[in-house]
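Spelled out, the chains give:
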Amino acid sequence: AAALGLPETAAVEDGLSDSDTEPPFCYRRAATNELLFNIDGSNRGDCSEDTVCLCGASVPSGWCQAPRCGYDGSCSDPAHDPGFLYHSLSCSPAAIASGETCTPRCSRGQGRVPSVSPLECVDGKLPSFTCDKAYEYLSDRLAEETCEHHITSIEECSAASWELHLYHFLDTTASEDGLSGSGSEPPFCYYDSQSGELRFNADGTNTGECRRERVCWCKLSATPGWCQAPTGVEGAVRYPCSPAAIPEGGTCTPRCTFLMKPSQTSLTCSEGTL
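Notes on the structure in this doc start here. The numbers attached to residues start from 1 for each chain and follow its sequence in the written order. Residues qualify for local features only when their pLDDT is at least 70, as the model is predicted, and side-chain atom pairs are given and counted only at 80 or more; totals for whole chains, interfaces and linings, by contrast, use all residues. The side-chain quantities take in all heavy atoms of the structure and omit both hydrogens and water.

Quick notes on the nonpolar core
Formed by 22 residues in total, the largest nonpolar core has its most connected members in Tyr135, Ile151, Cys157, Cys189, Leu198, Cys216 and Trp217. Among the elements of the structure, strand E12 (135–138), helix H1 (154–163), strand E15 (188–192), strand E16 (197–201) and strand E17 (214–219) are those that each provide at least two residues to this core. Ranked by residue count, the leading element in this core is E17, at four residues. Once you skip the residues sitting within four places of it in the chain, Cys189 turns out to touch Ile151, Cys157, Leu198, Arg199, Phe200, Val215, Cys216 and Trp217. If you look at the next biggest cluster of nonpolar residues, it comprises eleven residues, including Cys91, Ile96, Phe129 and Cys131. Definition of nonpolar core: a set of buried residues of the types Ala, Val, Leu, Ile, Met, Phe, Trp, Tyr and Cys, connected through side-chain atoms within 4.5 Å. Partly exposed describes any residue whose relative accessible area lies between the buried limit of under 20% and the exposed limit of over 50%, with all areas from a 1.4 Å probe on protein chains only and scaled to the type maximum. Under the DSSP-based scheme used, a helix requires at least four consecutive residues in state H or I and a strand at least two consecutive residues in state E, with every element numbered from the N terminus. In what follows, a contact means two residues having at least one pair of non-hydrogen atoms within 4.5 Å.

Written out as structure tokens, the structure reads:
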């Protein structure tokens, strides 16, 4: 700040961590004429006329800098690197000392997760990573879709909501719905757009459809050791077995439509297969 001739030369800590609005490390807040320092470097706000970033001319020896786009350098066209966090730094903290690590981040709303985490800075270089599609949401009642692979823990339900977060999906912390066998609510992880709550049906026995009012959060791959209810069974109901996903050694009860009878009374999950 002194070398740049700024009137403020004594920086104070901003007291923030992981802020969406303030940039990482050293910056000046124009409205209050404050010189601020984000000590953990985890802020992800942009530099602007209101928050002026003070930057070094070169990378400190042995340190790594988090890139602002894909590792192959195609920053000008985000379509070349789907999922990278283009409007912010792609690893937190924004600068990493040799031997230290940062947590890679992908764009919210796309259901993508980093292929590797964390990343370690070694001799001024960070390893590369990709942002891979892991989650999707279903909300089209007419499509009569159900999750091919259910999110089977409340912790992953919350994590998936962060990755799938859209502007109108505000709640990213799941809470149990307290229901069992409800015909109006979907099984496992879903978003109640009417109440703004992210909910988790713990026993997976709900049978409600995915729709705009009840948005289903789904995985694109199976949880290891779990079985999914069979699909394409002639004469079966929307969720052909209850619960809709079954842990290793667990059982589910097959269900058919009116006047139809299951050929089996119980199915057991063994090595990921019913």
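Concerning the side chain of Thr51
The topology assignment puts Thr51 in strand E4 (residues 51–53). Looking at Thr51, its side chain comes within polar contact range of the main-chain oxygen of Asp46, at 3.2 Å. Contacts described as polar in this section are N or O atom pairs within 3.5 Å, which, within protein, must combine one atom able to donate a hydrogen with one able to accept it, while residues neighboring in sequence count only if both atoms come from side chains.

What about H1?
Where H1 is concerned, the buried positions are Glu156, Cys157, Ser158, Ala160, Ser161 and Glu163. Buried positions along H1 lie against strand E9 (112–114), E12, E15, E16 and E17.

Things to note about the pattern of salt bridges
Where charged atoms from two side chains of opposite charge approach closely, those side chains can pair. A carboxyl oxygen of Asp or Glu within 4 Å of a side-chain nitrogen of Lys or Arg is what we treat as a salt bridge. Inspection of the entire model under this criterion finds 15 salt bridges. A salt bridge links Asp18 to Arg44; the shortest N-O distance between them is 2.4 Å. With Asp18 in the loop between strand E1 (12–13) and strand E2 (25–29) and Arg44 in the loop between strand E3 (34–38) and E4, this residue pair connects regions lying 26 residues apart in the sequence. The exposure class of Arg44 is buried, given its relative accessible area of 13%. Among the ionic pairs, Arg214 bridges to Asp192, the shortest N-O distance being 2.9 Å. With Arg214 in strand E17 and Asp192 in strand E15, this residue pair connects regions lying 22 residues apart in the sequence. Residue class for Arg214 comes out buried when judged on its relative accessible area of 10%. A cluster of three or more residues bridged by salt bridges with shared partners is formed by Glu185, Asp192, Glu197, Arg199 and Arg214.

Regarding the state of the cysteines
The definition used for a disulfide is geometric: two cysteine sulfur atoms within 2.5 Å. Tallied over the entire structure, the rule returns nine disulfides. A disulfide bridge connects Cys64 with Cys121, and the sulfur atoms are separated by 2.2 Å. Taking the torsion about the S-S bond as the criterion, the Cys64 to Cys121 disulfide, at about 80°, is right-handed. With a gap of 57 residues between them, Cys64 in strand E5 (residues 64–65) and Cys121 in the loop between strand E10 (119–120) and strand E11 (131–133) connect regions that are remote in the sequence. We note that Cys64, like Cys121, is buried. Linked covalently through their sulfurs, Cys210 and Cys216 form a disulfide whose S-S length is 2.0 Å. Between Cys210 and Cys216, the S-S dihedral sits near -100°, and the bridge is therefore left-handed. Take Cys210 and Cys216: they sit in the same class, and that class is buried. You can see Cys26 has no disulfide; the closest cysteine sulfur is in Cys55, sitting 8.6 Å from it. The closest cysteine sulfur to the non-disulfide-bonded Cys256 is located on Cys241, 9.7 Å from its own sulfur.

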